[in-house]
Amino acid sequence: QVQLVESGGGLVQTGGSLRISCAASGLPFSNYAMGWFRQAPGKEREFVAAITRSGGGTYYADSVKGRFSISRDSAKKTVYLQMSSLKPEDTAVYYCAASSGSAGTMSNGRYLEVWGQGTLVTVSS
């Protein structure tokens, strides 16, 4: 069964840090670009970050550039999102996605074949 399972969400204060994880199973992890998206209450889902199959290339939304860092561990079949300098506007459900396309086009919402169930990140002011 193909599955992405996110973990690590929680409550953090403004300016704090948090790392969330996404464990993949049932799919050839190294064949997929991976990414993170988020959806805040009352808003549409938006792209956050993506990483290439090799891990050598990363892409970020302007709103998180310089504060968030995406990485992957092929041995553990896990992708991470390290979040720092968190702001209340970062509060959202964060979703992991796997793409058979290019990491560079994940922000367009194309070829996003597998999704996780999401993990809630709440940043208190």
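From a predicted model like this one, the values you see are computed outputs, not experimental measurements.

**Student:** It is not clear to me how the state of the cysteines should be interpreted in this structure. Could you clarify?
**Tutor:** All chains considered together, the criterion is met by one disulfide. Put simply, Cys22 and Cys96 are joined by a disulfide, and their sulfur atoms are 2.2 Å apart. Looking down the S-S bond of the Cys22 and Cys96 bridge, the torsion is -75°, so its handedness is left-handed. Here Cys96 lies in strand 9 (residues 92–99) and Cys22 lies in strand 3 (residues 18–25), a separation of 74 residues in the sequence.

**Student:** How should the side chain of Glu6 be read in this particular structure?
**Tutor:** Its location among the elements puts Glu6 in strand 1 (residues 3–7). One polar contact links the side chain of Glu6 to the main-chain amide nitrogen of Cys96, over a distance of 2.8 Å. Within the structure, Glu6 has its side chain in polar contact with the backbone nitrogen of Gln117 (distance 2.9 Å). Other than its neighbours up to four places away in sequence, Glu6 contacts Ser21, Cys22, Trp36, Tyr94, Tyr95, Cys96, Gly116, Gln117, Gly118 and Thr119.

**Student:** Is there a simple way to explain the packing of aromatic side chains in this structure?
**Tutor:** Both the distance between ring centres and the angle between the ring planes are used here to describe each pair of aromatic rings. For the structure shown, the criterion picks out two aromatic pairs. Here Phe37 and Phe47 contribute two aromatic rings whose centre-to-centre distance is 5.6 Å and whose plane-to-plane angle is 75°, an arrangement assigned as edge-to-face. In this pair, Phe37 sits in strand 4 (residues 33–39) while Phe47 sits in strand 5 (residues 46–51), placing the two residues 10 residues apart along the sequence. Residue Phe37 is classed as buried on the basis of its relative accessible area, which comes to 5%. Relative accessible area serves as the criterion here: at 14%, Phe47 is assigned to the buried category. Put simply, the rings of Phe37, Phe47 and Trp115 touch in pairs and so form one group of aromatic residues. Seen from the ring of Tyr95, Arg45 lies directly overhead, with NZ or CZ sitting 5.9 Å from the centre. Lying across the ring of Trp115, Arg45 places its NZ or CZ 3.8 Å from the centre.

**Student:** I tried to follow the nonpolar core on my own but got confused; where do I start?
**Tutor:** Grouped together as the largest cluster of nonpolar side chains are 38 residues, with contacts concentrated most on Met34, Trp36, Leu81, Met83 and Tyr94. Taken together, the elements giving at least two residues each to this core come down to strand 3, strand 4, strand 5, strand 7 (68–73), strand 8 (78–83), strand 9, strand 10 (112–115) and strand 11 (119–124).

**Student:** Mind showing me how you'd approach unusual backbone geometry here?
**Tutor:** Among all residues except glycine, the phi angle is most often negative; among peptide bonds, the trans geometry is most common. Its identity is not glycine, yet Lys77 carries a phi of approximately 50°, on the positive side. By the element assignment, Lys77 lies in the loop between strand 7 and strand 8. Here Lys77 falls in the partly exposed class, since its relative accessible area comes to 36%. At Ser85, a position not held by glycine, the phi torsion is positive, near 50°. Tracing the sequence through the fold places Ser85 in the loop between strand 8 and strand 9.

What counts and how
Each chain carries its own residue numbering, running from 1 in the direction its sequence is written. Given that the model is predicted, a residue must reach a pLDDT of at least 70 before its local features are reported, and side-chain atom pairs must reach 80 or more before they are shown or counted; all residues, however, enter totals for whole chains, interfaces and linings. Side-chain metrics in this entry use all non-hydrogen atoms of the structure; hydrogen atoms and water are not considered. For the purposes of this analysis, a disulfide is any pair of cysteine sulfur atoms at a distance within 2.5 Å. For the purposes of this entry, the term helix denotes a DSSP run of H or I that reaches at least four residues, the term strand denotes a run of E that reaches at least two, and both are numbered from the N terminus. N or O atoms closer than or at 3.5 Å make up a polar contact, with two conditions inside protein: a donor-capable atom paired with an acceptor-capable one, and, for residues adjacent in sequence, both atoms drawn from side chains. What makes two residues a contact is simply this: any of their non-hydrogen atoms within 4.5 Å. Side-chain rings of Phe, Tyr and Trp, where Trp is taken by its six-membered ring, are said to pair if the distance between their centres is within 6.5 Å; with planes under 30 degrees apart they count as stacked, over 60 as edge-to-face, and otherwise as tilted. A 1.4 Å probe rolled over the protein chains alone gives each residue an accessible area, and that area as a share of the maximum for its type sets the label: buried under 20%, exposed over 50%, partly exposed in between. In this scheme, Lys NZ or Arg CZ marks a charge over a ring once it lies within 6 Å of the ring centre and within 35 degrees of the ring normal. In this description, a nonpolar core means a group of buried Ala, Val, Leu, Ile, Met, Phe, Trp, Tyr and Cys residues linked to one another through side-chain atoms lying within 4.5 Å.

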